[in-house]
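Structure assessment
So the chains spell out like this:
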Amino acid sequence: MGKVFHVDKQIANKNVEDSITEWTKVVKYGDINAENRLFGGTLMAWIDEVAGTVAMRHSGNPIATAAIDNMQFKQGALLGDVLVMIGKITYVGKTSMEVRVDTYVEDVKTGMRHVLNRAYLTEVCIDHDGSPCTVPYGLNVKTENEKAEWEGAIKRRELRKQRRMEGF
Ligand SMILES: CCCCCCCCCCCCCCCC(=O)SCCNC(=O)CCNC(=O)[C@H](O)C(C)(C)COP(=O)(O)OP(=O)(O)OC[C@H]1O[C@@H](n2cnc3c(N)ncnc32)[C@H](O)[C@@H]1OP(=O)(O)O
């Protein structure tokens, strides 16, 4: 586990582009089921890793995934497909961050990308004993898109809170 920041409040802001993370993966034999399709669980693990990397790059701190929203598979990916995964931070709370990960299948002939999955993940900064700690950096929200994501994140946060209060 990396070094842990110990701050009571956020010390500075970072930009969304400071931690944007893009991964390209080719679907290989070890990733597919008997129908030559990418396992959903494998994709979930990759999404988790992309989001975790974004959150670690934003906070400079160890993190844990608290929640993953919305794992709809809009289409499947097949053996040999090229996947592009783009993760970006959308919101920073006191100890948690929301990260959006978009996954596309890219047609290598045309460069066209088709959406496979969109997920929002809640990543929490943790200290040496695994307890939540302050995210050292806030977020500069500059563009209209970034503002819309931030406002959407506040609504999603409320929904998650409500779900937790209802016990699931
Ligand atoms: C330096 C650069 C290096 C880059 C190089 C990268 C290298 C490559 C990286 C690979 C990256 C892999 C990334 C994998 C990441 C895992 O796989 S982690 C493993 C799976 N996850 C876990 O084990 C977590 C288990 N859960 C827990 O430990 C605790 O529930 C947590 C998450 C620490 C939260 O603790 P808690 O006491 O319940 O927290 P609580 O005080 O109630 O809430 C704290 C915050 O979390 C939020 N929260 C808590 N529970 C939830 C929930 N269920 N839903 C939504 N929000 C929640 C709260 O709203 C609150 O937010 P703020 O208002 O403070 O912003």
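Not measured: the values here are computed from a predicted model.

Moving on, we get to the state of the cysteines. What the rule picks out here adds up to zero disulfides. Of all cysteine sulfurs in the structure, the one in Cys 133 sits closest to Cys 125, which takes part in no disulfide; the separation is 5.0 Å. Judged by relative accessible area, Cys 125 falls into the buried class, the value being 0%.

A word on the UniProt feature "domain: HotDog ACOT-type" (unreviewed entry) in the protein chain. The sites that UniProt annotates as "domain: HotDog ACOT-type" (unreviewed entry) are residues 17–129. Secondary structure content for residues 17–129 is 18% helix and 42% strand, and the end C-alpha separation is 30 Å.

A few words on helix 2 (residues 144–165). One full turn of an α-helix is made of 3.6 residues, so residues set three or four places apart face in the same direction. The first and last C-alpha atoms of helix 2 sit 32 Å apart over 22 residues, in line with the 32 Å expected at 1.5 Å per residue. When we look at burial in helix 2, the residues that qualify are Glu 146, Glu 149, Gly 152, Ala 153, Arg 156 and Arg 160. Around the axis of helix 2, the buried residues are gathered within 120° of arc, so they sit on the same side. Helix 2 presents Glu 144, Glu 151, Lys 155 and Met 165 as exposed residues on the side facing more than 90 degrees away from its buried surface.

What counts as what
- Residues numbered from 1 in each chain as written.
- Predicted model: local features only at pLDDT ≥ 70, side-chain atom pairs only at ≥ 80, totals over all residues.
- Heavy atoms only, no water.
- Disulfide = S-S within 2.5 Å.
- Buried < 20%, exposed > 50% of the residue type's maximum accessible area, 1.4 Å probe, protein only.
- UniProt positions renumbered as here; feature names shortened; annotations may be inferred.
- Helix = DSSP H or I, 4+ residues; strand = E, 2+ residues; numbered from the N terminus.
- Expected span 1.5 Å × (residues − 1).
- Arc of directions from axis to C-beta.

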